[in-house]
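In case you want the letters, here they are:
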Amino acid sequence: MSYLAKNYNRKKISFKYGKGSYLYSSNNKKYLDFVQGIAVNSLGHAHPKLVQTINKQSKKLWHVSNAFQIPEGEKLAKKLCKKTFADYVMFQNSGAEATEAAIKVARKYFYSIGKPHKNRILCVKNSFHGRTLAAIYASGSRKMTEGFGPKVTGFDHFVFGDHKSLKNKITKNTAAIMVETIMGEGGIKVIPDWCLKELRKLCNKKKILLILDEVQCGISRTGNFFAFENSKIKPDIVPIAKGIGGGFPIGAVLMTKKAAKGINSFGSHGSTFGGNPLAMAVGNTVMDIVSSKKFLKKVKDLSKHFLKNLNIIKNEYPDIIKSIRGKGFLIGIQLYKDQSLFIKKLIDNQLLTIRASENVIRLLPPLNVKKNELDQSLKIIKKVCEELK
Ligand SMILES: *Cc1c(COP(=O)(O)O)cnc(C)c1O
């Protein structure tokens, strides 16, 4: 009998410890972990530098109120701004909080310039921005919102890739367009660079803000610090979370000076835990490692090798694999059929992966994965294709 609520359909497997790309289960099996807490453990399990950081900081200071200065947070915010488009950072504890805060930033901006009627957020139908009340209605998914009414209003939706409907849905009340640069839960759907450019132009023309949700695809996962970087555009607001804490819960909103105009006033927003010294110490260490040029180059090179070989497998089993999607180490194998059996067989072969919409199996190796570990996973994927042929 479990006293945990039954809101998850958990696999019957638990782990004693992890090291790097591997997890060790209670029944003494070694698993190659390409879930990594859903793109959270960006440096794998028990990374020595993160262990050292948390040990050291835990003896000094865990938590103080945001009523006081927090130097560790100042440091991380500065690093994030120096590395990216952003001028200001506001720390939270999770992705949903970060996306909600992004919405608040956008609304408060228009309020602060005397246009409070501009408060609606235009999102992609069946996207994923988290599980709070506002975030589920932003995501526009029937399954996520069912039974949780009354509806949180203020969100409009367009279908991914339907540019005509996107343009038609912008009204005089629209404050911002919010999209995932790469849809994660939605099935690893990448917004191409030319689309991002057009999106930026459209937002400029309509004088609305562009929010890019990089909670899953950001923090070096694609081989760039942000997934939108190749397009050369500058968003106004970017919520982040998952990867930045390396396993410690951290969320944040990054924003330009202009977008921060409204939220930059005392008392406008707050969080008890957000940005506490323990979280910030860990975030600083993750940031130092994953934002270096050398590290990013390695992610690019190894993920290219991985993608190339996944495509070779796809071509060998064209009746099973429909497409290989994604960028860097945010990869989806799309099957023709439901992916549950495939995922189960991967687990039987000691490779952990996770599902996404549209029959997609998500592969999320740690960003510091080794080439031989990627090759090991390729072997297992090929073996399962052969079994299911
Ligand atoms: C995971 C995710 C969120 C929500 O993050 P939580 O930490 O679970 O609240 C929001 N947006 C995207 C794109 C995500 O992948």
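Preceding block: the structure.
Along each chain, the written sequence defines residue order, and numbers are assigned to residues from 1. Predicted model: local features are reported for residues with pLDDT of at least 70 only, side-chain atom pairs are reported and counted for 80 or more only, and whole-chain, interface and lining totals are derived from all residues. The side-chain figures draw on all heavy atoms in the structure; neither hydrogens nor water molecules are used.

**Student:** Can you walk me through the packing of aromatic side chains in this structure?
**Tutor:** Given two aromatic rings, their pairing is described by the distance between the two centres and the angle made by the two planes. Centres within 6.5 Å make a pair out of two Phe, Tyr or Trp rings, where for Trp the six-membered ring is used; the pair is then stacked when the planes are under 30 degrees apart, edge-to-face when over 60, and tilted otherwise. Applying the stated criterion to the full structure yields nine aromatic pairs. Here the aromatic rings of Tyr109 and Phe110 are separated by 4.9 Å at their centres, their planes lie at 75°, and the arrangement is edge-to-face. Here's how the labels work: a residue is buried when its accessible area is under 20% of the maximum for its type, exposed when over 50%, partly exposed in between, all with a 1.4 Å probe on protein chains only. The exposure class assigned to Phe110 is buried, which follows from its relative accessible area of 2%. Here the aromatic residues Phe85, Phe225, Phe226 and Phe228 are joined through ring pairs into a cluster of three or more. For a lysine, the NZ atom is tested; for an arginine, the CZ atom; a charge sits over a ring if that atom is within 6 Å of the ring centre and within 35 degrees of the ring normal. Positioned over the ring face of Tyr22 is Lys30, at 4.3 Å from the centre of the ring.

**Student:** What am I meant to see in helix α11 (residues 340-348) here?
**Tutor:** For α11, the set of buried residues is Phe342, Ile343, Leu346 and Ile347. The buried side chains of α11 occupy one side of the element, clustering within an arc of 140° when seen end-on. On its buried face, α11 sits against β3 (30-33), β14 (330-335), β15 (351-352), β16 (354-356), β17 (360-363) and α12 (371-388). Comment: elements are numbered from the N terminus, with helices defined as DSSP H or I runs of at least four residues and strands as E runs of at least two. Immediately beyond the C-terminal end of α11, within one or two residues, lies Gln350, with a positive phi of roughly 65°. In this description, the arc belongs to the directions extending from the helix axis to the C-beta atoms. Two residues qualify as a contact provided that any one of their heavy atoms is within 4.5 Å of a heavy atom in the partner residue.

**Student:** Explain the sheet that holds strand β2 (residues 22-25) here, please?
**Tutor:** Two modes of strand pairing occur in sheets, parallel and antiparallel, and in both the strands are linked by backbone hydrogen bonds. Strand pairing requires that DSSP identify at least two bridges connecting the strands. Taken in spatial order, the four strands of this open sheet run β1-β2-β3-β15, and their pairing is mixed. The sheet is open, and its two borders are formed by β1 (15-19) and β15, each paired with just one other strand.

**Student:** How do you make sense of the site of the ligand when you look at a structure like this?
**Tutor:** One heavy atom within 4 Å of a molecule or strand is enough for the residue carrying it to be called near that molecule or strand. The full set of residues close to the ligand is Ser94, Gly95, Ala96, Phe128, His129, Gly130, Glu180, Asp213, Val215, Gln216 and Lys242. As used in this structure description, the phrase polar contact means that two N or O atoms lie within 3.5 Å; if the pair is within protein, one of them must be able to donate a hydrogen and the other to accept it, and residues adjacent in sequence are counted only when both atoms belong to side chains. In this structure, Ala96 approaches the ligand through a main-chain N or O atom, which is 2.7 Å from an oxygen atom. Take Gln216: an N or O atom from its side chain is 2.8 Å from an oxygen atom of the ligand. What sets the accessible areas is the Shrake-Rupley method with a 1.4 Å probe; for residues, cover comes only from the shown protein chains. Alone, the ligand offers 380 Å² of accessible surface; in the complex the protein occludes 82% of this. Note on residue classes: Ala, Val, Leu, Ile, Met, Phe, Trp, Tyr, Cys and Pro are nonpolar, Asp, Glu, Lys and Arg are charged, and everything else, Gly too, is polar. Considered class by class, the residues forming the shell around the ligand number three nonpolar, five polar and three charged.

**Student:** Just checking my understanding: could you explain helix α8 (residues 193-206) for this structure?
**Tutor:** In an α-helix, one turn spans 3.6 residues; hence positions three or four apart end up facing the same way. Between its first and last C-alpha, α8 extends 20 Å over 14 residues, near the 20 Å set by a 1.5 Å rise per residue. Listed as buried for α8 are Cys195, Leu196, Leu199, Arg200, Leu202 and Cys203. All buried residues of α8 project into a common sector of 165° when viewed along the axis, lining one side. With respect to the buried face of α8, the exposed residues turned more than 90 degrees away are Trp194, Lys201 and Lys205. Backbone geometry just downstream of α8 places Lys207 in the positive-phi region, at approximately 55°. Multiply 1.5 Å by the residue count of a helix minus one, and that product is the helix's expected span.

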